[in-house]
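Take a look at the letters that make up each chain.
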Amino acid sequence: MQFIDLKTQYGRIDREVKARIEAVLEHGQFIMGPEIQELEERLADFVGVRHCVGLSSGTDALLAAMMALEIGRGDEVITTPFTFIATGEMIALLGARPVFVDIDPVTYNMDPDKLEDAITGRTRAIMPVALYGQCADMDAINAVAERHRLPVIEDAAQSFGASYRGRRSCGLSRIGCTSFFPAKPLGAYGDAGACFTDDDAIAQALREIRNHGQDRRYHHPRLGLNARLDTIQAAILLVKMGIFPEEVEARSRLGARYTELLNARGAVSTDVGGGSVLTPFVHPDNLSVHAQYTLQVPSRDEVAEKLGQQGIPTAVHYPIPLNDQPVFHVGLPGAEWPVSASVASRVISLPMHPYLTEEMQQRVVEAVVEATGL
Ligand SMILES: *Cc1c(COP(=O)(O)O)cnc(C)c1O
């Protein structure tokens, strides 16, 4: 069994993928070819915003978004410590300070009730993460941000295709940033990412920043990056968009089925709590794309080993909260962020992709039941 099965998906689309790659090889516009704009229009339309700007990765999308807001030295950006390194890393790379707000124990996303206390005179942006494919409580976060006239950047690297109160992730705040890393819900065949916004000036800034700060050929009003989306990756993503809505539906359904099967065997959802094995809780406001299907278990290493012995791969997203990463030197491991610390020590992710069969899920569930003594 594979943790993420990209082969089955490729079997559905291989001819179209090869044809679209070949078209790029024939026209030869490898940098900023016509597929870029075609994809950007398609993705902006899917998300329901005016602008999509293709970028070279999700990490570069976060970096470019903060550069467009002119965030730099001495500034503070509020995010959560329970995320992939890139979220905090890009804040620090710009010379700003990541300020961590603890997560909600049920959704694992930024706790809006703890947000206001973290805002200071130096705060320049708020960056919630849609962890595991479920959006944060964006209305609550946006409301706090508006009171303080702060922009919100959604780190939607794991939630492309998800929705919150009927609106799509990436279109829920000033700027939405996503990743098309191969293993993400919408994955390219290499690194790729994008920013989304309704703000014309920010979109223009992002287009300049991804191309060395250039507004017209060899004229550079600002500092930028080489962070353009690759034309071949755009061509591949255009093919994958053809089956993506169906895959979003499958991800949501298969996530719910894992939870149903596990809870029938004695696991408990995080909103109820109290059980030895906790299954994810998808808030009724949300449709999750389950970028990861993640449990909390006691003795995680033992569970991972037992599943591994049965040929079931697992992963840990993420074992060390950012505040505890040596690079940030925050100095108070766990003390200020008890929920993140506790969850990071207990989470384990199961195989998850749109092509899981009922038999595969049954096998995984049996193995979890056995390994945890449910
Ligand atoms: C994957 C990921 C990123 C980075 O995306 P890349 O395309 O790998 O650069 C950023 N934030 C989160 C939460 C992620 O999961």
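Everything discussed here concerns the structure shown above.
For clarity, every value in this text was computed on a predicted model and none was experimentally measured. (Residues numbered from 1 in each chain as written. Predicted model: local features only at pLDDT ≥ 70, side-chain atom pairs only at ≥ 80, totals over all residues. Heavy atoms only, no water.)

Caption draft 1: Focus on the state of the cysteines. For the coordinates displayed, the defined rule picks out 0 disulfides. For Cys52, which is in no disulfide, the shortest distance to another cysteine sulfur is to Cys195 and amounts to 8.4 Å. A relative accessible area of 2% places Cys52 in the buried class. Not part of a disulfide, Cys195 finds its nearest cysteine sulfur in Cys177, a span of 3.9 Å. Exposure remark for Cys195: the relative accessible area of 1% places this residue in the buried category. (Disulfide = S-S within 2.5 Å. Buried < 20%, exposed > 50% of the residue type's maximum accessible area, 1.4 Å probe, protein only.)

Caption draft 2: Main features of the sheet that holds strand 5 (residues 153-155). Pairing is mixed across the open sheet formed by 4 strands, whose spatial order is 1-9-8-5. In this open sheet, the two strands that pair with only one neighbour each are strand 1 (51-55) and strand 5. Across this sheet, the average inter-strand angle for adjacent strands is 20 degrees, counted without regard to direction. With respect to the sheet, helix 3 (residues 58-68) is in contact with strand 1, strand 5, strand 8 (175-179) and strand 9 (193-197), its orientation differing from that of strand 8 by roughly 160 degrees. (Pairing = 2+ DSSP bridges. Helix = DSSP H or I, 4+ residues; strand = E, 2+ residues; numbered from the N terminus. Axes fitted to C-alpha atoms, helices over the stretch in contact; angles between N-to-C directions. Contact = heavy atoms within 4.5 Å.)

Caption draft 3: Representation of helix 11 (residues 358-372) within the structure. Look at helix 11: 21 Å from first C-alpha to last across 15 residues, which is about the 21 Å you get at 1.5 Å a residue. Those residues of helix 11 that fall on the buried side of the exposure criterion are Gln361, Val364, Val365, Ala367, Val368, Val369, Ala371 and Thr372. Against helix 8 (244-264), strand 13 (293-296), helix 9 (300-309) and strand 14 (347-350) lie the buried residues of helix 11. Positive backbone phi, approximately 70 degrees, marks Gly373, located one or two places after helix 11. (Expected span 1.5 Å × (residues − 1).)

Caption draft 4: Spotlight on the layout of surface pockets. In this structure, the largest pocket encloses a volume near 280 Å³. Lining the largest pocket are 15 residues, with Pro98, Val99, Phe100, Glu336 and Trp337 sitting closest to its centre. Counting residues per element, the lining of the largest pocket draws most heavily on strand 3 (residues 97-100), which supplies 4 residues. Within the lining of the largest pocket, the residues separate by chemical class into 9 nonpolar, 1 polar and 5 charged. (1 Å grid on protein atoms, 1.4 Å probe; cavity = no way out; pocket = protein on both sides within 12 Å on 5 of 7 lines; lining within 4 Å. Points joined across faces, edges and corners; volume = space filled by probe spheres on them. Nonpolar A, V, L, I, M, F, W, Y, C, P; charged D, E, K, R; others polar.)

Caption draft 5: Summary view of the pattern of salt bridges. Counted by the stated rule, this structure contains 17 salt bridges. With a shortest N-O distance of 2.8 Å, Asp139 and Arg165 are connected by a salt bridge. Of this pair, Asp139 sits in helix 5 (residues 138-147) while Arg165 is found in the loop between strand 6 (163-164) and strand 7 (167-168), placing the two residues 26 residues apart along the sequence. The exposure class assigned to Arg165 is partly exposed, which follows from its relative accessible area of 42%. Glu208 is the partner of Arg222 in a salt bridge, and the nearest nitrogen-oxygen pair spans 3.0 Å. One end of the pair, Arg222, is in the loop between helix 6 (200-209) and helix 7 (231-241); the other, Glu208, is in helix 6, and 14 residues separate them in sequence. The partly exposed category is assigned to Arg222, whose relative accessible area is 28%. (Salt bridge = Lys/Arg side-chain N within 4 Å of Asp/Glu carboxyl O.)

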